[in-house]
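# Report on the structure
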Amino acid sequence: MKKFVALFLLIILVALPLQTFAANKFSDVKTYINEINFLVNEEIINGYPDGTFRPTEFVTKKQIAVMMSRTLKLDLNNVTDPGFKDVSKSNSAYREIAAVVNAGIMPKGTNFNPGSPGTREMMARAIVIGLNLQGDTSIKFNDVYLNNPNKSYISILADNNITTGYEDGTFKPFSSLTRAHFSAFLARALNDSFKPINDKTLTTQEIVKMHDSRIFLLEINNVTLGSGILIGNGLILTNQHVINDFQFGTAFSIDDKKYEIAGIVESDELKDLALIKLKENITASKVTFKRYEDLKKGEKVVAIGNPLGLQNTVSEGIISSFRDIEGISTIQHTAQMTFGSSGGGLFDTKGNLIGVTTSVEENETADLNFSVSINELDSWKSFLKLSHSQLKVQPIFPPKPVLEVIYRNVAFGMSPKEVIEAEGSIPSDSTSDSIYYYGVSDHSIEADVYYTFKDNKLYSISTYYLGFETLSHSDKEEFFFDMLDVLEYEYGEADYYDFDWNNDIKDYSIATYWNYPLMSWNAIIPDSDLENPYAVLVIENDME
């Protein structure tokens with residue numbers, strides 16, 4: 001009987017409970033209720049038989065081993081004895097301790113000290129190694145020194161927004177952890193919804209001080225100016241349209257330093273977002289995000305960007321509304337923006353990044369400015385956990401030759417597929433080297449349009465205007481010269497004119513010709529019987 005009582009007391013002391021309780025049922029849990037409840041539901045932690053959780057008690061090394069083994073579902077049947085003098089095989093947590101040590105989650109040594117309190121740095125190591133977290137290893141705390149063997153783990157924990165440290169800039173690596181605090185850290189590591197967001201209301205000046213250094217002026221291909229937000233190890237978030245057709249580029253910081261852009265890590269045209277990597281690994285303070293669904297209409301926002309290349313310009317406004325634009329969560333706001341602001345940061349009054357400034361609607365009576373919600377970054381969050389060296393950029397291909405649009409949104413050299421896309425509709429008919437559109441509108445006149453191709457590239461365009469036979473002779477001339485005015489406005493003065501209906505060609509016609517592009521505008525009545533007259537515009541490419 002004495003042995004049974006002693007064993008029962010031992011189980012209570014090491015907090016390996018016999019019964020599971022929902023976190024909101026624990027009589028002594030007042031804070032981190034959701035986090036504890038989450039871990040209970042995941043069967044990672046339990047309470048005590050008396051219905052308590054004892055959140056303020058220090059978590060022991062033994063408990064950390066048990067919780068990490070449950071979290072990772074480690075194999076407990078084939079463990080290697082870690083050789084600790086103070087952990088025998090009869091220990092109730094022997095297999096869990098052996099499993100986490102075998103996995104490198106907790107270090108080897110002479111003694112394990114299973115009942116001693118776990119420390120904050122021990123927690124950082126266990127979570128980072130156990131969950132294979134990646135991130136910036138250069139984030140600094142005032143009391144985490146270079147010779148601390150757990151420095152990189154603590155930094156990665158902060159970079160993943162699992163810890164923010166204390167207000168005085170310290171981490172207190174050697175402090176013991178309570179059961180509640182360890183539960184909160186582990187829940188954050190497993191579920192982003194538990195990660196902290198800034199909750200102190202800041203002035204605009206404080207927001208600028210916090211984020212000015214992370215806003216960069218981007219110059220792409222020596223042509224495009226835009227903005228970007230440093231969110232990771234040399235990783236900048238911007239708009240896709242800012243880096244469109246990227247070949248090379250430079251990022252300029254607020255302190256006048258310039259950094260060469262290595263390339264594009266990821267981009268999405270629909271979301272109008274892109275991640276680019278700098279060749280040099282630079283860091284900024286940890287940025288926190290606030291989700292779209294947590295924002296409120298009417299709340300104040302602050303935008304920082306580079307309108308017209310004016311570096312790190314700050315503007316204030318409010319959230320006017322929320323828009324779903326082609327399935328993309330978009331914030332409408334009044335913070336002033338213009339060309340060059342694209343890719344800048346939109347922040348709430350807590351200093352959280354809530355959006356990427358993307359577009360402006362010019363209007364005399366309203367400030368219609370839009371930012372893509374930070375929610376749209378969700379699918380790319382894995383990139384934020386990678387070190388600078390792990391970030392891979394996409395190959396850079398030579399730019400496609402710029403094709404000059406010559407007529408009806410098409411350009412010589414286009415493929416049949418590209419011509420169809422430019423026309424925006426399925427052809428009426430086609431052959432191996434021709435595409436036909438019947439009864440379309442051209443210059444507001446009904447016409448048939450024929451496209452011909454050589455070597456799969458657009459070679460000529462012929463437009464036959466319909467209803468010409470219903471016009472009188474004078475009406476034909478009026479139509480011809482009206483169209484000539486339009487064409488000369490579009491293509492410049494013609495090189496040759498033939499206004500003699502009775503020329504030496506069989507056709508009864510008048511015509512105008514351009515040398516570049518090779519183009520003719522003809523009003524023609526074929527054959528002497530004057531049947532089926534037509535007007536035709538022919539544009540031909542000099543492919544030689």
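Above this text you will find the structure in question.
A few points on the structure. (Residues numbered from 1 in each chain as written. Predicted model: local features only at pLDDT ≥ 70, side-chain atom pairs only at ≥ 80, totals over all residues. Heavy atoms only, no water.)

### A short note on the nonpolar core
Judged by nonpolar contacts, the single largest core of 48 residues is most densely connected at M106 and F182. For this core, the elements supplying multiple residues, two or more each, are α2 (33–41), α3 (61–72), α4 (94–102), α5 (120–130), α6 (151–159) and α7 (179–190). The biggest single contributor to this core is α5, with 6 residues. Counting 34 residues, the second-largest nonpolar core is a separate cluster that includes L458, Y491, A494 and W521. (Core = buried A, V, L, I, M, F, W, Y, C linked by side-chain atoms within 4.5 Å. Buried < 20%, exposed > 50% of the residue type's maximum accessible area, 1.4 Å probe, protein only. Helix = DSSP H or I, 4+ residues; strand = E, 2+ residues; numbered from the N terminus.)

### Some details on α7
Look at α7: 17 Å from first C-alpha to last across 12 residues, which is about the 16 Å you get at 1.5 Å a residue. Across the 12 residues of α7, 10 count as buried, placing the element largely inside the fold. Where the residues of α7 are buried, they touch α2, α3 and α5. (Expected span 1.5 Å × (residues − 1). Contact = heavy atoms within 4.5 Å.)

### Looking at the environment of Y459
Tracing the backbone shows Y459 in strand β18 (residues 457–465). Judged by relative accessible area, which is 16%, Y459 ranks as buried. Along the primary structure Y459 and G413 are separated by 46 residues, whereas in three dimensions their C-alpha atoms are 7.1 Å apart. Polar side-chain contacts of Y459 include one of 3.1 Å to the side chain of E540. (Polar contact = N/O pair within 3.5 Å; in protein donor to acceptor, adjacent residues only side chain to side chain.)

### Remarks on the packing of aromatic side chains
Scanning the entire structure with this criterion turns up 20 aromatic pairs. Between the aromatic rings of F141 and F171, the centroid separation amounts to 5.5 Å while the plane-to-plane angle is 45°, which identifies the pairing as tilted. Taken as a pair, F141 in the loop between α5 and α6 and F171 in the loop between α6 and α7 lie far apart in primary sequence, 30 residues in all. Both residues of the pair, F141 and F171, belong to the buried class. Centroid distance Y465 to W521: 5.7 Å. Interplanar angle 85°. Geometry classified as edge-to-face. Here W521 lies in strand β21 (residues 518–525) and Y465 lies in strand β18, a separation of 56 residues in the sequence. Overall, Y465 belongs to the buried group, its relative accessible area being 2%. Here W521 falls in the buried class, since its relative accessible area comes to 0%. An aromatic cluster is built from Y465, F479, F480, F481, Y497, F499 and W521, whose rings are joined through pairwise contacts. Across from the ring centre of F171, 4.4 Å away, lies the NZ or CZ of R120, which sits over that ring. Looking at K172, its charged tip hangs above the ring of Y166, at a distance of 4.1 Å from the centre. (Phe/Tyr/Trp six-rings, centres within 6.5 Å; stacked < 30°, edge-to-face > 60°. Lys NZ or Arg CZ within 6 Å of the ring centre and 35° of its normal.)

### Points about the sheet that holds strand β5 (residues 258–268)
Spatial ordering of the closed barrel is given by β1-β2-β3-β6-β5-β4, a layout of 6 strands whose pairing is antiparallel. The sheet shows a mean angle of 40° between the axes of neighbouring strands, direction not considered. Bridge count between strand β1 (residues 215–220) and strand β4 (residues 249–252): 4 bridges; the pairing is antiparallel. Opposite E219, over in β4, you have T250 as the bridge partner. (Pairing = 2+ DSSP bridges. Axes fitted to C-alpha atoms, helices over the stretch in contact; angles between N-to-C directions.)

### A few points about the packing of α3 against α7
When two helices pack together, their arrangement is given by the angle between the helix axes and the distance between those axes. The N-to-C vectors of α3 and α7 enclose an angle of 20°; their axes lie 12 Å apart at closest approach. Taken together, α3 and α7 sit at an angle that is classed as roughly parallel. You can see that α3 and α7 cross each other, and the crossing is right-handed. Residues Q63, I64, M67, M68 and T71 of α3 touch α7, and the partners they reach there are R179, F182, L186 and L190. Partitioning the contact of α3 with α7 into residue classes produces 6 nonpolar, 2 polar and 1 charged. (Parallel < 35°, antiparallel > 145°, perpendicular 65-115°, else oblique. Left-handed = near helix turned anticlockwise from the far one by under 90°. Nonpolar A, V, L, I, M, F, W, Y, C, P; charged D, E, K, R; others polar.)

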